[in-house]
Amino acid sequence: MAKKKTPVGAAILAESAHTGVDEAENFGDRIARYGQAHARSLLMLEHLRGAPSVEAKKTAAGLAGCGNYLHFREYFTVGKVRLHNAQFCKQHLVCPLCAIRRGAKALGAYLARWQVIQEERPDLRPYLITLTVKNGDDLQERQNHLTKALRRLMDRRRYFNAGTRGAPWTELCKAEGGVYTLELTNKGNGWHPHCHMIALASSAPLQGDLSEEWHRVTGDSMIVDVRPITGDPSEGFMEVFKYAVKFSDLSLADNWHAAQTLKGKRLLNSFGLFRGVEIPESLLDEPLDELPYWDRFYRYIGGEYQFTGESPKPRGV
Ligand SMILES: [Zn+2]
């Protein structure tokens, strides 16, 4: 098989998540990137076909049915293209196409909530906070370490804000709402789990103080980054929602190991003003009802999505 480097990862989601992604003029880039994402899913499918476990076979069966065709509708009077129908495996930790779509959906849902919050609380600003733990060879152990440390910090925030006697302060007490995800890298020096968080605060959380707290909580790690999100919020927010796409930056073997280790774990959490945001189940776009459209039907053929001109079946069939 051709060893074409598939530049999946953040760039793909960037395209998918930005407002204006459904503009007809951006469609060429969009379909090319979906094709690159699908190419990686097929590499994973091939990787799993050799694996003996039942789990691998089940995952492979899902991948085999995912993204083989994409049915778009072009609403030509408004210059928009929406994904109308497709079959998705929803195994977003091993399938970058599903990861892109889910990341974009999550981003859209949280940006919409942020717009509402901003109206009511113009004093709040979004900050991007990154918390990391030291690399290690044992993914499960490192992941547990990160999760426990985060829980301790979030507990402190909750107890202090509730006025619990003797509860210690944390810089996160300034956050009146937040959403965070757990992300993984492994660049040959061991597993590196970390957390990206959007925190809404009226005064900036201090990086130095948070770093000291984090060191006390983790016992081994003090690498913390805090920066305000300025300009288009979708760019800063995207840091948080691209976590699943980032799995495709791992080697196939690492990706599969990580997906199994993290299966069923909550990798996206929210609190305060961001609590209760619902991410739509469907990975399709919302149709633009009442507007005329042309169907644009694509199949993955010869390493890319190609327009076939087929008459598509109705949605959901
Ligand atoms: Zn999929």
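Rules used throughout
- Sequence order as written defines the numbering, with residues in each chain counted from 1.
- Thresholds applied to this predicted model are a pLDDT of at least 70 for local features of residues and 80 or more for the giving and counting of side-chain atom pairs; totals over whole chains, interfaces and linings are not thresholded and use all residues.
- Hydrogens and waters are ignored; side-chain quantities use all the structure's heavy atoms.
- Coordination partners: N, O, S within 2.8 Å of the metal, 3.2 Å for Na, K and Ca; water not considered, so apparent gaps in a site are possible.
- Irregular is the label for any site that misses the other tests, which are tetrahedral for four donors with all angles between 85 and 135 degrees, and square planar for four donors or octahedral for six when opposite donors exceed 155 degrees and the remaining angles lie between 65 and 115.
- Only protein chains enter the accessibility calculation, which uses a 1.4 Å probe. A residue is then buried if its area is under 20% of the maximum for its type, exposed if over 50%, and partly exposed in between.
- Scored between 0 and 100, pLDDT is the confidence that the predictor attaches to each residue.
- A run of DSSP states H or I qualifies as a helix once it reaches four residues; a run of E qualifies as a strand once it reaches two. Both are numbered from the N-terminal end.
- Throughout, a residue-residue contact means that at least one pair of heavy atoms, one from each residue, lies within 4.5 Å.
- Pairing between strands is defined by DSSP: at least two bridges between the two strands are required.
- To obtain each axis, a line is fitted to C-alpha atoms, and for helices this fit is confined to the stretch in contact; angles are then taken between N-to-C directions over 0 to 180 degrees.
- Polar contact is defined as a pair of N or O atoms within 3.5 Å, subject to the rule that within protein one atom must be able to donate a hydrogen and the other to accept it, and that residues adjacent in sequence are counted only when both atoms are side-chain atoms.
- When two rings of Phe, Tyr or Trp (its six-membered ring) have centres within 6.5 Å they constitute a pair, described as stacked for plane angles under 30 degrees, edge-to-face for angles over 60, and tilted for the intermediate range.
- Counting as a charge over the ring demands two things of the Lys NZ or Arg CZ atom: a distance within 6 Å of the ring centre and an angle within 35 degrees of the ring normal.

Binding of the zinc ion to the protein goes through Cys66 (SG), Cys89 (SG), Cys95 (SG) and Cys98 (SG), at separations of 2.3 Å. Around the zinc ion, the four donor atoms are arranged such that angles at the metal cover 103 to 114°; this shape is classified as tetrahedral. Each donor residue of the zinc ion belongs to the same chain, and together they define the spacing C-x22-C-x5-C-x2-C. The class of Cys89 is buried, set by a relative accessible area of 16%.

All right, on to the confidence of the model for the protein chain then. When pLDDT drops low, the exact placement of atoms in the prediction is not to be read closely. In this model, the protein chain carries an average pLDDT of 91, and 92% of its residues clear a pLDDT of 70 or more. At the level of individual helices and strands, the protein chain shows its lowest average pLDDT in helix α1 (residues 10-17), which scores 48, and its highest in strand β3 (residues 125-132), which scores 98. Note that residues 1-8 has pLDDT below 50 and, in this model, 12 contacts with residues that lie over four places away or in other chains.

Strand order in this open sheet of four strands is β2-β1-β8-β9, and the pairing throughout is antiparallel. Where the open sheet ends on each side, the last strands, each with one partner, are β2 (80-86) and β9 (304-307). Averaged over all pairs of adjacent strands, the angle between their axes in this sheet comes to 35°, without regard to strand direction. With six bridges joining them, strand β1 (residues 69-75) and strand β8 (residues 294-301) adopt antiparallel strand pairing. When the bridges of β8 are listed, Glu74 appears paired with Trp294.

As for its position among the elements, Arg102 is in helix α4 (residues 96-120). Linking Arg102 and Ile279, residues 177 residues apart in sequence, is a C-alpha distance of 8.3 Å. Polar side-chain contacts of Arg102 include one of 3.0 Å to the side chain of Tyr243.

Below, the discussion takes up the packing of aromatic side chains. Each aromatic ring pair is specified by the distance between its two centres and by the angle formed by the two planes. What the rule picks out here adds up to 13 aromatic pairs. Centroid distance Tyr69 to Phe297: 5.5 Å. Interplanar angle 10°. Geometry classified as stacked. Highlighted residues: Tyr69 in strand β1 and Phe297 in strand β8, separated in sequence by 228 residues. A residue is classified by how much of its surface remains accessible, and Tyr69, at 17% relative accessible area, is buried. Overall, Phe297 belongs to the buried group, its relative accessible area being 5%. An aromatic cluster is present here, built from Phe27, Phe72, Tyr298 and Phe307 joined pairwise through their rings. For the cation-ring pair, Arg158 lies above Tyr159, with the distance from its terminal atom to the ring centre recorded as 5.3 Å. Here the guanidinium or amino end of Arg296 rests over the ring plane of Phe307, the centre of that ring lying 5.1 Å away.

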